[in-house]
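Coordinate analysis (summary)
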Amino acid sequence: MTTHTKKLGGRLPLLDPQTLSAAQKEIYDRINATFVSWSDRINFQSATDDGRLIGPFNPILFSPGISASFLDLHDAEEKQTSLSERVRQVVILATGAVWRSEYELYAHSAAARRAGISESAIQILAAGGLPDDLSEQETVAQRYARQFSAEHRVDADLYSAAVHAFGEKGVVDLTYLIGIYHITCGLLNSFDVPRPD
């Protein structure tokens with residue numbers, strides 16, 4: 001493993017797939033079958049050439065019992081959400097911008113491109129701004145995600161706008177998504193995980 005590859009784990013060593021416990025291997029295989037294949041399709045790096053997981057996926061391996069439930073929540077959000085993929089990516093980028101989470105912004109810039117968000121809008125969202133070429137729903141979603149992430153609450157006017165845009169179930173879905181990415185950004189920032197430049 002090169003020095004550069006070692007740095008991709010941040011404060012944690014990148015776990016070798018050959019030395020994982022049975023519980024870790026189960027999580028590793030699940031991540032490989034879902035997230036790694038997804039990241040390959042949308043063109044961002046989630047594993048090294050020798051199969052070590054990077055980004056939030058390496059820290060996830062350290063606590064397989066809790067991580068299995070977190071991955072279940074992530075999967076349920078993705079499959080059951082009422083939010084469009086564009087709205088989801090706006091929310092994820094807005095949340096990552098508050099956290100200033102390098103890897104999250106790197107990965108979800110690629111996902112936002114795949115969802116059809118313009119390059120200029122992606123750059124503005126990743127810098128914490130509000131692009132002017134978003135739809136009304138996307139604009140409300142960005143404002144909601146940013147305010148909730150930065151202030152840990154949403155004011156009454158913005159809440160009303162979110163209910164108008166998404167309905168009450170949609171606002172619950174929005175809040176779950178933001179929470180999932182607070183955990184993700186927390187894992188990335190706690191362990192100082194870099195983007196793989």
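Presented here is an overview of the structure given in this document. (Residues numbered from 1 in each chain as written. Predicted model: local features only at pLDDT ≥ 70, side-chain atom pairs only at ≥ 80, totals over all residues. Heavy atoms only, no water.)

Another aspect to go through is the nonpolar core. General note: in soluble globular proteins, nonpolar side chains tend to be found buried as a group. Ranked by internal contacts, the top residues of the largest apolar core, which has 45 residues, are I31, L53, V91, Y103, F166 and L174. Among the elements that make up this core, the one with the highest residue count is helix α9 (residues 156-190) (eleven residues). Sequence-distant contacts of Y103, that is, excluding residues within four places in its chain, are made with F44, Q45, S46, I54, G55, P56, F57, L188, V193, P194, R195 and P196. Counting residues in each nonpolar core, the second largest holds nine residues, with L93, A121, I122 and L134 among its members. (Core = buried A, V, L, I, M, F, W, Y, C linked by side-chain atoms within 4.5 Å. Buried < 20%, exposed > 50% of the residue type's maximum accessible area, 1.4 Å probe, protein only. Helix = DSSP H or I, 4+ residues; strand = E, 2+ residues; numbered from the N terminus. Contact = heavy atoms within 4.5 Å.)

Bringing the environment of G55 into the picture now. Tracing the chain through its elements places G55 in the loop between α2 (22-42) and α3 (57-62). Note: C-alpha distance between G55 and E119 (64 residues apart in sequence) is 22 Å.

Spanning 21 residues, α2 covers 29 Å between terminal C-alpha atoms, matching the ideal 30 Å at 1.5 Å per step. Those residues of α2 that sit buried are Q24, I27, Y28, I31, F35, V36, S39 and I42. The inward-facing, buried residues of α2 abut α3, α4 (64-80) and α6 (102-114). Just past α2, the residue N43 takes up positive phi, approximately 75°. (Expected span 1.5 Å × (residues − 1).)

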